[in-house]
Amino acid sequence: MDDRKWASEILDKVTCKMKAVVSRNAHKVPYITTDGIYDNRDGDDISWWTNGFWGGVLWEMNILTGDSFYADLEYELEEKMDRNLMSADSLSHDNGFMWLLTSVYHYKRYGNRSSLNRSLLAANNLAGRFNPNGCFIRAWNDNGVDDCRGWAIIDCMMNLPLLYWASEETKDPRFRNVAIKHADRVIESFIRPDGSVCHIVEFDPETGERIRSYGGQGYGHGSSWTRGQAWAIYGFALSYIHTGKEAYLDTAKKVADYFIASIPSSYLIPADFRQPEDVSLEDTTAASIAACGLLEIYRISNEKKYYEAALGMLRTLSAKRAVWNPDIDSIIEKGTVAYHEGEHERGIIYGDYYFIEALMKIAEIQFFPW
Ligand code: GLY
């Protein structure tokens, strides 16, 4: 069957299942499943970094079905998330994940002032995390345990489009300048010669000198956390799309080539490409995110290997890891939060979000919130 038709048919199954899932979870803010049931990150957890992905799923459903029910729920979520904009601890380098998929997309589509206001507050806060001495955006806030004043993480590449958008919107280049300086430092400090990527790099917050890297959510120091590789592929492709800087496309391809060479013959992606051979831990979210990045690299470069790798992972996810039973909340099972933490091989909201986004790319349905 032709790929576009195949993707459209899978998206029909997605919309059918999600009608039940969204109705059941309408006023929740889902993140992860336990025994097939989504939790709720509303209330005290409204600052959780993944909360924008529920908004992203709602926009996807709105576009695929034309049903305003989903857009109304997205607006409800955006308003709930406003509490974060009045709390310094609730804002972080993840502002992009949280507001690009909610208020920025809403504003771009409908031009409403309240969504614009939220988006600019989030972008200003993100730009304020930039450390001019090390030219990096600080990752997490103080947690009372680690001194992470000098920590940057690869995931942040996905938050930079909030800054590119803010410069386009305000015609003020400050935001884009911050994004470019951060991306340039990531090329120099995170990307290894073989194309694999570190999760966390620590810089001296006073001098900006690179001190060391950490294994973070992967297997360990020097390992290759697959979701981190995927963030790098898609993140650098997005920085290329917004700036036209060839170094970003070259970096996206370098990490993509490493990722493709590491894909097992099963097309099932492990949690870490360097985990011990006797460990079978999987992370389907890495497959969906990488597929989105590879499809963008293919669209830009027309190099078929990127398309084929993305399609191989998506077809495998849909044949082997998708659950179409409407009583189970998530679509894709076997997402892993972190190698050394307990939440392994579950349904995770961003796994479903990127799976749908990737299928929409194959089906040529316009949706680009980044
Ligand atoms: N951004 C955190 C993660 O990928 O789990």
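Residues numbered from 1 in each chain as written. Predicted model: local features only at pLDDT ≥ 70, side-chain atom pairs only at ≥ 80, totals over all residues. Heavy atoms only, no water.

Caption draft 1: Focus on the packing of aromatic side chains. What the rule picks out here adds up to 30 aromatic pairs. Their ring planes at 75 degrees and their centres at 6.3 Å tell us that Tyr-234 and Tyr-354 sit as a pair that is edge-to-face. Taken as a pair, Tyr-234 in helix H8 (residues 226-243) and Tyr-354 in helix H12 (residues 349-362) lie far apart in primary sequence, 120 residues in all. When its relative accessible area of 0% is taken as the criterion, Tyr-234 is described as buried. The buried category is assigned to Tyr-354, whose relative accessible area is 0%. Lying across the ring of Phe-175, Arg-174 places its NZ or CZ 5.0 Å from the centre. (Phe/Tyr/Trp six-rings, centres within 6.5 Å; stacked < 30°, edge-to-face > 60°. Helix = DSSP H or I, 4+ residues; strand = E, 2+ residues; numbered from the N terminus. Buried < 20%, exposed > 50% of the residue type's maximum accessible area, 1.4 Å probe, protein only. Lys NZ or Arg CZ within 6 Å of the ring centre and 35° of its normal.)

Caption draft 2: A look at the packing of helix H9 (residues 246-262) against helix H11 (residues 304-321). With their axes 11 Å apart at the nearest point, H9 and H11 run at an angle of 50 degrees to one another. Taken together, the axes of H9 and H11 lie oblique to each other. In this structure, H9 meets H11 at a crossing whose hand is left-handed. Where H9 approaches H11, its residues Lys-253, Ala-256, Asp-257, Phe-259 and Ile-260 are matched on the opposing element by Lys-305, Tyr-306, Ala-309 and Met-313. Residue composition of the contact of H9 with H11, grouped by class: six nonpolar, no polar and three charged. (Axes fitted to C-alpha atoms, helices over the stretch in contact; angles between N-to-C directions. Parallel < 35°, antiparallel > 145°, perpendicular 65-115°, else oblique. Left-handed = near helix turned anticlockwise from the far one by under 90°. Contact = heavy atoms within 4.5 Å. Nonpolar A, V, L, I, M, F, W, Y, C, P; charged D, E, K, R; others polar.)

Caption draft 3: Just the site of the ligand, in detail. Lining the immediate environment of the ligand, one finds Trp-49, Asp-155, Gln-217, Trp-225, Arg-227, Trp-231 and Tyr-350. The contact in question runs from an oxygen atom of the ligand to an N or O atom on the side chain of Gln-217, over 2.8 Å. Trp-231 has a polar side-chain atom sitting 2.9 Å from an oxygen atom of the ligand. In isolation the ligand exposes 190 Å². Once the protein is present, 93% of that is buried. (Near = heavy atom within 4 Å. Polar contact = N/O pair within 3.5 Å; in protein donor to acceptor, adjacent residues only side chain to side chain. Areas by Shrake-Rupley, 256 points an atom, 1.4 Å probe, with all protein chains shown as cover.)

The values reported here are purely geometric and, on their own, carry no functional implication.
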